[in-house]
Amino acid sequence: MSSPHHIVVIVGSLRKESFSLKVANALAKLAPSSLKLEVVTPHGISFFNQDLEANPPADWLAFREKIQKSDGVLFVTPEYNRAIPGVLKNAIDVASRPYGKSSFIGKPTGIVSNSPGPLGGVNAAKALQHILPGISGTIMGQPETYLNAVGDAFDEKGNLIKESLQKVLQQYIDAFAVFVGKQSA
Ligand SMILES: Cc1cc2nc3c(=O)[nH]c(=O)nc-3n(C[C@H](O)[C@H](O)[C@H](O)COP(=O)(O)O)c2cc1C
């Protein structure tokens, strides 16, 4: 059997008790054997500043390399003020450069938004669909996955306890595995 595809899951939150982080960890557990998910948060990625591009900070290089070495990228993000959190946009800006050399290019890409509110962070997912096409690989279109009411989905240890959400996440990650398999064939 060939080795699993290595997927970098980029979480759009720095919060310790982040629901996005918990969703990402749940996806990592539910992933079929053809995928290996590595969950990363945007901690420690310094602000993008084009002046630093000639001599980029080590944290930019490490983040870019992690993406470049992956077989795919999955964004799991909350919505902040009808868009994505600034920390996630900064991480994307860092990995999108130097110009024409985006680390995301060619990587099969997935988007999962979430919110404790009723709309599932759909605007964050739409914002990513606006941002990514020029700098990423192909984005999986279906199933569209905007997870609402995630506030009661996890126990105090971060385990997923909401069956309806588990079903949706399982469907998503199974579909993403098929998508990555096709894109990498
Ligand atoms: C600055 C800010 C803006 C927010 N804007 C939205 C929003 O537009 N839509 C939404 O559904 N929730 C919004 N929220 C609530 C977040 O969905 C909630 O705080 C969520 O837990 C953040 O994601 P995390 O748990 O992964 O850290 C906002 C929260 C913050 C702090």
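Residues numbered from 1 in each chain as written. Predicted model: local features only at pLDDT ≥ 70, side-chain atom pairs only at ≥ 80, totals over all residues. Heavy atoms only, no water.

Next up on the list: the packing of aromatic side chains. Tallied over the full model, the rule gives four aromatic pairs. Seen from their ring centres, Phe48 and Trp60 are 5.0 Å apart, and the 20° between their planes marks the pair as stacked. With a gap of 12 residues between them, Phe48 in the loop between strand E2 (35-40) and helix H2 (58-69) and Trp60 in helix H2 connect regions that are remote in the sequence. Judged by its relative accessible area of 23%, Phe48 falls in the partly exposed class. Relative accessible area serves as the criterion here: at 0%, Trp60 is assigned to the buried category. Members of the aromatic cluster, joined through ring pairs, are Tyr172, Phe176 and Phe179. (Phe/Tyr/Trp six-rings, centres within 6.5 Å; stacked < 30°, edge-to-face > 60°. Helix = DSSP H or I, 4+ residues; strand = E, 2+ residues; numbered from the N terminus. Buried < 20%, exposed > 50% of the residue type's maximum accessible area, 1.4 Å probe, protein only.)

We now examine the site of the ligand. Around the ligand lies a shell formed by Ser13, Arg15, Ser18, Phe19, Ser20, Pro78, Glu79, Tyr80, Asn81, Arg82, Ser115 and Pro116. Glu79 is positioned with one of its side-chain polar atoms (N or O) 2.9 Å from a nitrogen atom of the ligand. The protein chains hide 71% of the 620 Å² of surface that the ligand would expose on its own. The site holding the ligand turns out to be the largest pocket. In terms of residue class, the shell around the ligand is made up of four nonpolar, five polar and three charged. (Near = heavy atom within 4 Å. Polar contact = N/O pair within 3.5 Å; in protein donor to acceptor, adjacent residues only side chain to side chain. Areas by Shrake-Rupley, 256 points an atom, 1.4 Å probe, with all protein chains shown as cover. 1 Å grid on protein atoms, 1.4 Å probe; cavity = no way out; pocket = protein on both sides within 12 Å on 5 of 7 lines; lining within 4 Å. Sits in = over half its atoms within 2 Å of the grid points. Nonpolar A, V, L, I, M, F, W, Y, C, P; charged D, E, K, R; others polar.)

To continue, consider helix H4 (residues 122-131). All of the buried residues along H4 are Ala124, Ala125, Ala127 and Leu128. All buried residues of H4 project into a common sector of 155° when viewed along the axis, lining one side. Buried residues along H4 sit in contact with strand E3 (72-78), helix H3 (86-95), strand E4 (109-114) and strand E5 (146-147). (Arc of directions from axis to C-beta. Contact = heavy atoms within 4.5 Å.)

With respect to the helices, strands and loops of the structure, Glu79 is situated in the loop between E3 and H3. Since its relative accessible area comes to 17%, Glu79 is described here as buried. A distance of 3.4 Å separates the side chain of Glu79 from the backbone nitrogen of Val122, its partner in a polar contact. A polar contact of 3.0 Å, which involves the side chain of Glu79, links it to the backbone nitrogen of Asn123. Sequence-distant contacts of Glu79, defined by excluding residues within four places in its chain, comprise Asn114, Gly121, Val122, Asn123 and Ala124.

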